[in-house]
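# Coordinates in review
Listed below, chain by chain, are the residues.
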There are 4 protein chains.
Amino acid sequence: MFVLLNLKAYACDPVEIAAAAADVADETGVRVAVAPQTAAIGRVAETGVETWAQHVSGVGSGSHTGSTLAEAVADAGATGTLLNHSERRRRLADIDAGIRAAERAGLETVVCANNPRQIAAAARLEPDAVAVEPPELIGTGTPVSKADPEIVTDSVAAAGDEVPVLCGAGISTGEDLLAAAELGAEGVLLASGVAKADDPRAALEALVEPL
Amino acid sequence: MFVLLNLKAYACDPVEIAAAAADVADETGVRVAVAPQTAAIGRVAETGVETWAQHVSGVGSGSHTGSTLAEAVADAGATGTLLNHSERRRRLADIDAGIRAAERAGLETVVCANNPRQIAAAARLEPDAVAVEPPELIGTGTPVSKADPEIVTDSVAAAGDEVPVLCGAGISTGEDLLAAAELGAEGVLLASGVAKADDPRAALEALVEPL
Amino acid sequence: MFVLLNLKAYACDPVEIAAAAADVADETGVRVAVAPQTAAIGRVAETGVETWAQHVSGVGSGSHTGSTLAEAVADAGATGTLLNHSERRRRLADIDAGIRAAERAGLETVVCANNPRQIAAAARLEPDAVAVEPPELIGTGTPVSKADPEIVTDSVAAAGDEVPVLCGAGISTGEDLLAAAELGAEGVLLASGVAKADDPRAALEALVEPL
Amino acid sequence: MFVLLNLKAYACDPVEIAAAAADVADETGVRVAVAPQTAAIGRVAETGVETWAQHVSGVGSGSHTGSTLAEAVADAGATGTLLNHSERRRRLADIDAGIRAAERAGLETVVCANNPRQIAAAARLEPDAVAVEPPELIGTGTPVSKADPEIVTDSVAAAGDEVPVLCGAGISTGEDLLAAAELGAEGVLLASGVAKADDPRAALEALVEPL
């Protein structure tokens, strides 16, 4: 299972969480990555944790003030990027362009989508993986694997054999993680459950413990 | 004069340019700042140069995946931010929110606009400064101070006494800089003229030499 | 007082409401306009009521599929347009372009904004009028003139002598209308209070009765 | 073959073109539809021609000022809608929502995309048809069927057996139409070739003559 921890724009210390995630990954062998604010990618990568961007633009180098150039996040230490998160939905053509930009910069891609139909569409754009996150469950504490298990199995079917599926929204315990795996997910997107925990390290350890 | 060097998404080495800018600022006493890609803010700030963001989101901390939180760029070492660059035009309400977000994070703000009428509007949102850049002159090598001097004087009048005006588009020589100052501008936005120069340090030195 | 009734995307009969509005305007001499969905502008205009668009694009004629060309809404019978409604916020440059496009097509303009600072900015773009609508009060039934009277008086001051101010959000009774007028507003934006009323004609009559 | 004539925001008389299209469809039995500006849908539909929208929003009825409600364009007489035209690219989630909104309103849907990969994605969202239009050929007069025939055959393969493919960009003659049909397209998107012709009726007649 791939555990991808999205720090969003939370008021948290990204370096402290990254260091904890690096330790947990080392100790357990579970693949754990952290996606901080773009400006923090460099400091997060220095902890040794696998570091992801939350978004990259579809542009190449040039006159694009305020863009997030894939090469720039790679230079800062990122090795992958989310695209089309429900808080950063993109145009179909720009998701396509973003995947291509990430490929050029050597970044792995996970394209998010809201439902199995959109997952089927996103998978056809040939990202490294897709992630299904029902927007209505994000931040609720009710795991998608419990609230709506069919959305996960349907997404796995919709993505096809060649595109792995992650799932997200409401996942915070090891039990949720196991449930996601049993439904066919090859990873999970986490956010507030760890990033806003009183003790993020303990939260991560508890999460991956059953694996 | 304030010289603000926007590195956009150019394929350049932001640290090398930042180091040169820091030296030129030290040697000449001219205020020079560098605005790199968000992911490079930390490394640029380490050179000691005044570091700006190219953009910040209008949001506060929270569930805003892919945003550019003002506090995050400030934590990385930025002390100011552009807003509403013509390559990153924002909604009126979001420029307002972006200025407020920057203020909360202790960032200085320069709001860009295309013409004196928009400059008048932008100045009413109470940024620290505004910058007029006619989009049709960006990247042309024809300086706004020569091609359209009235747009600068009209912008200075439109901004009012309390909001300083920078100008940009096509500025690359010391002569352009002096011309801008004579028209009432208190600074300039630079980009390709320095960032794409064979020798950025020499380009910067030549630029600030007449001051 | 100018009463501008925004039908949004409500499930209502725009022609029935327009006919009622035309009658009320005729009978009372109060200026009443109706802003329906773009596709209904022609049928609403045929009732004889003053007809407004909810939005126009900033473009001129050309290759702009899916745009709302100012000339096209004028041809259909509209004589004015809202711009930058809080449900259709636009970029600063596009509000400027939209006002210019409306002028070319002979449409009157009312630019909406959220607060006095944005009203000051919008007024500098030289529309025919501005409208302040605190987003948090839209659709609440609590009139802005009661919940936050200072936002109206501050907006009147911010707009300056040459740009009339309308106010909106939560206005549904004649008392609200009078209160708005006393605060310096020269008109009101209405929506659900009339459009969703069981008897829109009676709601309009009751509204303008005190004038 | 389905001939879908997109009038964009051209400075043309939509009713005159619609009347000509209605006649040509009657005389030849070829399916011809016209997609005018939203504000002109009612008058175009009155000519008896099959009438399409250029775009609908993904929303349902409610507080959506400035949206293009699918039900509103259907009430005005449209029976279908383009979605995601390259001049009106939409977010993946909003294309999905737009198709669902169109279905609820009884509108047929054609989702545009730039290349076979995006066509594969769009087809998975279950529209009635997809249309491939390479943006670089739009308005050039060089037909996609000649300039890049593989993009059409690849799109037909990518869409799968259940989703018909239209093609567009640069199509203006009967020969172009036949070439498109031979490549597997079940229709074409036309725009400037007819809408900007000196004699739109003659242009349409010449176009469908070989069928």
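The structure presented is a predicted model; accordingly, all values stated were derived computationally and were not measured. (Residues numbered from 1 in each chain as written. Chains lettered and ligands numbered in written order. Predicted model: local features only at pLDDT ≥ 70, side-chain atom pairs only at ≥ 80, totals over all residues. Heavy atoms only, no water.)

### Topic: the interface of chain D and chain C
When the parts come together, some accessible area is lost, and that loss is often what is quoted as the size of the interface. With 27 residues of chain D at the contact, the number on the chain C side is 27 residues. Interface area for chain D against chain C, summed over the two sides, is near 2300 Å², with a carbon-plus-sulfur share of 50%. It is D:A9, D:A39 and D:T65 in chain D that bury the most area against chain C; as a group they hold 27% of the surface buried on that side. For the pair chain D and chain C, the number of links is 0 salt bridges. Considering each element in turn, the side of chain D that touches chain C owes the most residues, 3 residues, to helix α3 (residues 70–75) of chain D. (Contact = heavy atoms within 4.5 Å. Buried area = accessible area lost by both parts, 1.4 Å probe. Salt bridge = Lys/Arg side-chain N within 4 Å of Asp/Glu carboxyl O. Helix = DSSP H or I, 4+ residues; strand = E, 2+ residues; numbered from the N terminus.)

### Regarding the sheet that holds strand β5 (residues 108–113) of chain D
Residue and element names in this part refer to chain D. Spatial strand order, β1-β2-β3-β4-β5-β6-β7-β8: 8 strands in a closed barrel with parallel pairing. For this sheet, the mean angle separating the axes of adjacent strands, direction not counted, is 25 degrees. With 5 bridges joining them, strand β1 (residues 2–6) and strand β2 (residues 31–35) adopt parallel strand pairing. By the bridge assignment for β2, N6 is matched with A35. Of the strands in this sheet, β5 and β6 (129–132) are in contact with helix α5 (residues 116–124), which crosses β6 at around 165 degrees. (Pairing = 2+ DSSP bridges. Axes fitted to C-alpha atoms, helices over the stretch in contact; angles between N-to-C directions.)

### Here we look at the relation of the copies chain D and chain C
Laying chain D over chain C is done by rotating through 180 degrees and shifting 0.0 Å along the axis; what remains is an RMSD of 0.0 Å. With respect to symmetry, the two chain copies, as superposed, fit the operation of a two-fold axis. In terms of proximity to the rotation axis, the leading residue of chain D is D:A39, whose C-alpha is 2.4 Å off the axis. (Least-squares fit on C-alpha atoms with pLDDT ≥ 70 in both.)

### Some remarks on the nonpolar core
Counting 134 residues, the largest nonpolar core has B:V3, B:C167, B:L190, B:L204, C:V3 and C:C167 as its most contacted members. Not counting the four nearest positions on each side in its chain, C:V3 is found in contact with C:V30, C:R31, C:V32, C:A33, C:L177, C:V188, C:L190, C:L204, C:L207 and C:V208. Membership of the second largest hydrophobic core comes to 133 residues, among which are A:V49, A:A101, A:L125 and D:V194. (Core = buried A, V, L, I, M, F, W, Y, C linked by side-chain atoms within 4.5 Å. Buried < 20%, exposed > 50% of the residue type's maximum accessible area, 1.4 Å probe, protein only.)

### Some points on the packing of aromatic side chains
Residues and elements named next belong to chain A. One pass over the structure, following the stated rule, counts 4 aromatic pairs over all chains. Centroid distance F2 to W52: 5.5 Å. Interplanar angle 50 degrees. Geometry classified as tilted. Here F2, found in strand β1 (residues 2–6), pairs with W52, found in strand β3 (residues 50–53); they are 50 residues apart in sequence, far enough to count as distant. Summarising the burial analysis for this pair, F2 and W52 share the class buried. One Lys or Arg, R31, reaches over the ring of F2 and ends 3.7 Å from the middle of that ring. (Phe/Tyr/Trp six-rings, centres within 6.5 Å; stacked < 30°, edge-to-face > 60°. Lys NZ or Arg CZ within 6 Å of the ring centre and 35° of its normal.)

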